[in-house]
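In case you want the letters, here they are:
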Amino acid sequence: MSGKIWFVGAGPGDPDLITVKGRKLLEQSGAVLFAGSLVDQAATLYAPTDCDIRDSKEMTLEEMTDWLIAAARQHQTVVRLQTGDPGLYGALVEMTQPLTAAAIEWAVVPGVSSAMASMAAAGETLTLPEVTQTVILTRVAGRTPMPPGEELEALAAHKTTLCIYLSITLLHKVQEALLAAGWPEDAPILVVQKASWPGEEKIVRGTLKDIKRKCQDEKIASQAMIVASPTLGAADWPDLIRSKLYDPAFAHRFRKATANPVISPECPS
Ligand code: SAH
């Protein structure tokens, strides 16, 4: 009989941002394999003192798989702890396939992704009524090529919120793609480094034109989220279009309208 391997999203860095379920699993774990320096705090804070805790930073996929399988043969609960959400740029399938082949049980616990944490840090919203109702989570091509149709220029043409991972060293490519897609040079851009990290978070606001220089001035070259969105800065707009959810004229499942009702089948926000 072997134990179960849990792929747990540790959240963006602040150990308080792991889910309750993720924390409970860490508290029960006999072995934890964590991904690099970003999430070690949660592991060391919540795992039992006799837990076998290992950093995967220098391991190959094969070494990680062997380690996880050996751990599952020894312990009932084994955690693979990953930054943000395990399903986003987390090499999840590469890791789960050999486990399935070895008849080891596994499951995924989602986590707060760094895109959400970055917007939260800046007090910004991902969506806004009649401005954008869509969020694209993407990256630009580095060593991993983008599949056809997913080039940033094509995605940016939608003028939705773009959360761009793994691309801070390729900021010039982001600038080129957005300009080519018709975003103006003065479009607001947000960069957040180490979102949610107590004492280490950096928030840089700029425009498409000057964001690269501002990031260079701040020496931001890793662990950063780039957000381009027509919602950025909305907290200061005087003429905001209100969400229908809290509009007195709008009725929904949980509230009657108090003026000229518009009935919705669902709850918008
Ligand atoms: N699974 C992770 C993403 C891993 S890819 C998630 O859901 O967040 C690594 C990239 O995520 C980094 O290059 C950076 O773009 C982003 N990232 C991870 N942690 C971050 C943080 N605390 N603040 C800002 N960006 C972060």
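Anything mentioned here points back to the structure above.
Because the structure is predicted, anything quoted here is derived from the model rather than measured.

1. What about the side chain of Ser-196?
- Mapping Ser-196 onto the fold places it in the loop between β8 (188-193) and β9 (202-207).
- A polar atom in the side chain of Ser-196 sits 3.0 Å from the backbone nitrogen of Asp-14.
- If near-sequence neighbours (up to four positions away) are discounted, Ser-196 is found in contact with Pro-12, Gly-13, Asp-14, Leu-17 and Glu-201.

2. As for the pairing of strand β7 (residues 161-165)
- Among the 5 residues that make up β7, 5 are buried, leaving the element largely enclosed by the rest of the structure.
- Both faces of β7 are covered, namely the face carrying Thr-161, Cys-163 and Tyr-165 and the face carrying Leu-162 and Ile-164.
- Strand direction decides the pairing type here: strand β6 (residues 135-139) and β7, joined by 5 bridges, are parallel. By the bridge assignment for β7, Ile-136 is matched with Leu-162.

3. Topic: helix α5 (residues 114-122)
- Of the positions making up α5, those classed as buried are Ala-115, Ala-117, Ser-118, Met-119 and Ala-122.
- Against the buried residues of α5 lie β6, β7, β8, β9 and β10 (224-228).

4. Regarding the site of the ligand
- Lining the immediate surroundings of the ligand are 18 residues, of which Leu-88, Ser-113, Ser-114, Ala-195 and Ala-224 lie closest.
- Residue Asp-85 places a main-chain N or O atom 2.9 Å away from a nitrogen atom belonging to the ligand.
- Between the ligand and the protein, one listed contact pairs a nitrogen atom with a backbone N or O atom of Leu-88 at 2.8 Å.
- In the complex, 91% of the free accessible area of the ligand, which totals 540 Å², lies under the protein chains.
- When residues of the shell around the ligand are traced back to their parent elements, those giving at least two are α5 and β10.
- Taken domain by domain, the shell around the ligand gets at least three of its residues from each of domain 1 (4-109) and domain 2 (114-236).

5. Brief notes about the layout of surface pockets
- One number sums up the size of the second largest pocket: a volume of about 190 Å³.
- Taken together, Tyr-89, Arg-139, Arg-143, Thr-144 and Leu-166 make up the full set of residues lining the second largest pocket.

6. Some words on the nonpolar core
- If you look at the biggest cluster of nonpolar residues, it comprises 26 residues, and the most contacted ones within it are Leu-162, Leu-178, Trp-183 and Val-191.
- Elements with a contribution of two residues or more to this core: α6 (152-156), β7, α7 (171-180), β8, α8 (211-217) and β10.
- No other element matches the 4 residues that α7 contributes to this core.

7. A word on the sheet that holds β6
- Judged by pairing direction, the sheet is mixed, and its 5 strands sit side by side in the order β6-β7-β10-β8-β9 without closing on themselves. What marks the edges here is a single partner per strand, and that holds for β6 and β9. Going from strand to strand, the sheet's axes swing by 20° on average, the running direction of each strand aside.
- Strand direction decides the pairing type here: β8 and β10, joined by 5 bridges, are antiparallel. Residue pairing across strands places Val-191 opposite Ile-226, the latter belonging to β10.
- Of the strands in this sheet, β6, β7, β8, β9 and β10 are in contact with α5, which crosses β8 at around 110°.
- Its contacts with the sheet put α7 on β7, β8 and β10, and the angle it makes with β10 is roughly 10°.

Quick notes on the rules
- All residue numbers here refer to positions counted from 1 along the written sequence of the relevant chain.
- Where totals are concerned, whole chains, interfaces and linings use all residues; where local detail is concerned, this predicted model gives features only for residues with pLDDT of at least 70, and gives and counts side-chain atom pairs only at 80 or more.
- Side-chain measures were taken over the full set of non-hydrogen atoms in the model, leaving aside hydrogen atoms and water.
- In this text, helices come from DSSP runs of H or I with a minimum length of four residues, and strands from runs of E with a minimum of two, each type numbered from the N-terminal end.
- Whenever two N or O atoms come within 3.5 Å, that pair is a polar contact, provided that in protein one can donate a hydrogen and the other can accept it, and provided that, for residues adjacent in sequence, both atoms are side-chain atoms.
- Contact between two residues is taken to exist if any of their heavy atoms lie within 4.5 Å; hydrogens are not considered.
- Only protein chains enter the area calculation, which uses a 1.4 Å probe; residues under 20% of their type maximum are buried, those over 50% are exposed, and those in between are partly exposed.
- A strand pair is defined by DSSP finding two or more bridges across the two strands.
- Being near a molecule or strand, for a residue, comes down to having at least one heavy atom within 4 Å of it.
- Calculation of accessible area relied on Shrake-Rupley with a 1.4 Å probe; when residues are assessed, cover is drawn exclusively from the protein chains displayed.
- The start and end points of each domain follow an automatic or database-based domain assignment.
- Only protein atoms enter the 1 Å grid, on which a cavity is a set of points fitting a 1.4 Å probe that cannot get out and a pocket is an open set with protein on both sides within 12 Å along at least 5 of 7 lines, lining residues being those with an atom within 4 Å of a point.
- Grid points are joined across faces, edges and corners, and a volume is the space filled by probe spheres set on the points.
- Buried Ala, Val, Leu, Ile, Met, Phe, Trp, Tyr and Cys residues form a nonpolar core when they are joined through side-chain atoms within 4.5 Å.
- Note on geometry: axes are C-alpha line fits, over the in-contact stretch for helices, and angles between N-to-C directions span 0 to 180 degrees.

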